[in-house]
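Below, each chain spelled out in residue letters.
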Amino acid sequence: MRRPALVIGSAAALILLSLTQILMALLMGLAAAVEHKHEIPGAPQASPALMYCLCAFFLGLAVWGIVTAIGLSKLRRWARYSILIIGGCMAFFGFVGMAGMLVTILIVPFLLASTGDTQHGSLATVRILFASFAFIYAAVTAIGIFWLVYFNRKAVRAVFAGSLEAKTEGRRPILISVYAVLSLLGAVALLVMAFLPLPTVLYGVAFQGWKKVTVDLLFAAINVAVAIGLWKLAEWARRLALGYLAVGGTMMVVYLIRPSLMMRNNEAVAQAMGITPTPLPGHVQTVMYGFIFGISLLFMAAIAWMLHYYRGRFSPPAPAASVAGV
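Residues numbered from 1 in each chain as written. Predicted model: local features only at pLDDT ≥ 70, side-chain atom pairs only at ≥ 80, totals over all residues. Heavy atoms only, no water.

Caption draft 1: Spatial organisation of the overall build of the chain. From N to C terminus, the chain includes eleven helices and two strands. Seen in sequence order, the chain has helices and strands lined up from the N terminus as α-α-α-α-α-α-α-β-β-α-α-α-α. Here the chain, with 326 residues, has 36% of them falling under the buried criterion. Long-range pairs, those at least 24 residues apart, make up 75% of the contacts in the chain with a sequence separation of at least 6. A total of about 18400 Å² of accessible surface is found on the chain, and carbon and sulfur atoms cover 72% of it. (Helix = DSSP H or I, 4+ residues; strand = E, 2+ residues; numbered from the N terminus. Buried < 20%, exposed > 50% of the residue type's maximum accessible area, 1.4 Å probe, protein only. Contact = heavy atoms within 4.5 Å. Areas by Shrake-Rupley, 256 points an atom, 1.4 Å probe, with all protein chains shown as cover.)

Caption draft 2: View of unusual backbone geometry. The phi torsion at Leu-75 lies on the positive side, around 55 degrees, for a residue other than glycine. Backbone geometry places Leu-233, a non-glycine residue, at a positive phi of 55 degrees. Here Leu-233 lies in the loop between α8 (209–231) and α9 (235–257). Accessibility expressed as a relative area gives 2% for Leu-233, which makes it buried.

Caption draft 3: Main features of the environment of Ile-174. For Ile-174, the location among the structural elements is in helix α7 (residues 174–194). In this structure, the C-alpha to C-alpha distance between Ile-174 and Leu-84, residues 90 residues apart in sequence, is 7.3 Å. When neighbours within four sequence positions are excluded, Ile-174 is seen to be in contact with Leu-84 and Asn-152.

Caption draft 4: Structural detail: the packing of aromatic side chains. Using the criterion set out here, one finds ten aromatic pairs in the structure. Ring centres 6.0 Å apart and planes at 70 degrees place the aromatic pair Phe-95 and Phe-299 in the edge-to-face group. A residue pair is termed long-range when its members are at least 10 positions apart, and Phe-95 in helix α3 (residues 77–114) and Phe-299 in helix α11 (residues 282–309) qualify at 204 residues. Look at Phe-299 and you get partly exposed, because its relative accessible area is 24%. Measuring from centroid to centroid gives 5.0 Å for Tyr-309 and Tyr-310, while their planes differ by 85 degrees, and the two rings are edge-to-face. Assessed through its relative accessible area of 19%, Tyr-310 is described here as buried. Ring pairs connect the aromatic residues Phe-92, Phe-93, Phe-95 and Phe-299, which therefore count as one cluster. (Phe/Tyr/Trp six-rings, centres within 6.5 Å; stacked < 30°, edge-to-face > 60°.)

Caption draft 5: Just the packing of α8 against α9, in detail. Contact pair α8 / α9: the axes reach a minimum separation of 8 Å and the direction vectors enclose 140 degrees. As summarised for this structure, α8 and α9 are arranged oblique, according to the angle between their axes. Like other packed secondary-structure pairs, α8 and α9 cross with a definite hand, here left-handed. Contact residues: Phe-219, Ile-222, Asn-223, Ala-225, Val-226, Gly-229 and Leu-230 in α8; Trp-236, Ala-237, Arg-238, Leu-240, Ala-241 and Tyr-244 in α9. Among the residues making up the contact of α8 with α9, the classes are represented as ten nonpolar, two polar and one charged. (Axes fitted to C-alpha atoms, helices over the stretch in contact; angles between N-to-C directions. Parallel < 35°, antiparallel > 145°, perpendicular 65-115°, else oblique. Left-handed = near helix turned anticlockwise from the far one by under 90°. Nonpolar A, V, L, I, M, F, W, Y, C, P; charged D, E, K, R; others polar.)

Caption draft 6: Broad picture of the nonpolar core. In this structure, Val-7, Leu-14, Leu-72, Ile-83, Trp-147, Phe-151 and Phe-160 are the most contacted members of the largest nonpolar core, which totals 22 residues. When contributions to this core are tallied by element, the ones reaching two or more residues are α1 (5–38), α2 (47–73), α3, α4 (120–150), α5 (154–161) and α7. The element contributing the most residues to this core is α3, with seven residues. Setting aside anything within four residues of it in sequence, one finds Leu-72 in contact with Val-7, Ser-10, Ala-11, Leu-14, Ala-79, Arg-80, Ile-83, Phe-151 and Phe-160. Listed in part, the 14 residues of the second largest apolar core include Ala-241, Met-306, Leu-307 and Phe-314. (Core = buried A, V, L, I, M, F, W, Y, C linked by side-chain atoms within 4.5 Å.)

Caption draft 7: Structural detail: α9. Given a rise of 1.5 Å per residue, 23 residues ought to cover 33 Å, and the 33 Å separating the end C-alpha atoms of α9 matches this to within 8%. Taken as a whole, α9 has its buried residues at Glu-235, Ala-237, Arg-238, Ala-241, Leu-245, Gly-248, Gly-249, Met-251, Met-252 and Tyr-255. (Expected span 1.5 Å × (residues − 1).)

Spatial relationships are all this shows, so hold off on functional conclusions.
This is the structure:
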């Protein structure tokens, strides 16, 4: 079957992105090795471990992208699902990154003022730098949205699965699949965090030692359960995901009401990493945290709405066995 040009182009783009991630992984691994060997003064204590973890993470993403690109070139049905998940992740994280860069541009004057650098040239240079990053994140977001739209088109589904299969496929909505994969990635991140020398902070309470490991492993297990259950369209997993979102949403609301708890979080993490956080004016922190938590609440509300909207696709829990007549 003839391969559409945009499918081949998407495969090529995935290869380029994967090569970029491999380069980033190598640079991070090299920097971590140099810092670990020479113990650079003033560097955060947890930097080598974090960079090694990021190195492995980017290598994993690169392998995923290359395998998906090969599948796309062969018009494998699983590759279409894979690039839809990749596109969803890129759209989500790209938008969050772009928004973060734009907020950073707004608070750059306060950051420079706190370090004593008030030169106009420095301000313009830093703003141009973060604007460039914002543009890159915007491009990533646009590519992710394009893949979500293009690979969901009926004609493209027919190319990958055949016309008959394309009419009957897709019992699991793609947004549910994307969220399931994100939950699984979240579980992996929590497993890594459980064994890093950084505290886990919930509602302003910092957990250390075995308590921190227990909390991280508990949330990792919940993420795994949600991912597997959503993939199987189990009703219990949908309810568990909604409860999990409610816990996260409650924490965001608490931080909005009491921003001092977030400052306490930052201090605990900075102390564990051996760095001194840059102080910001109170109103700047209020605006910054309000934006971050507001965006987080909107995303949580959107995911909750999505789980409610597709509730008819989930299998109801099995009825309890009747004991009547026994």
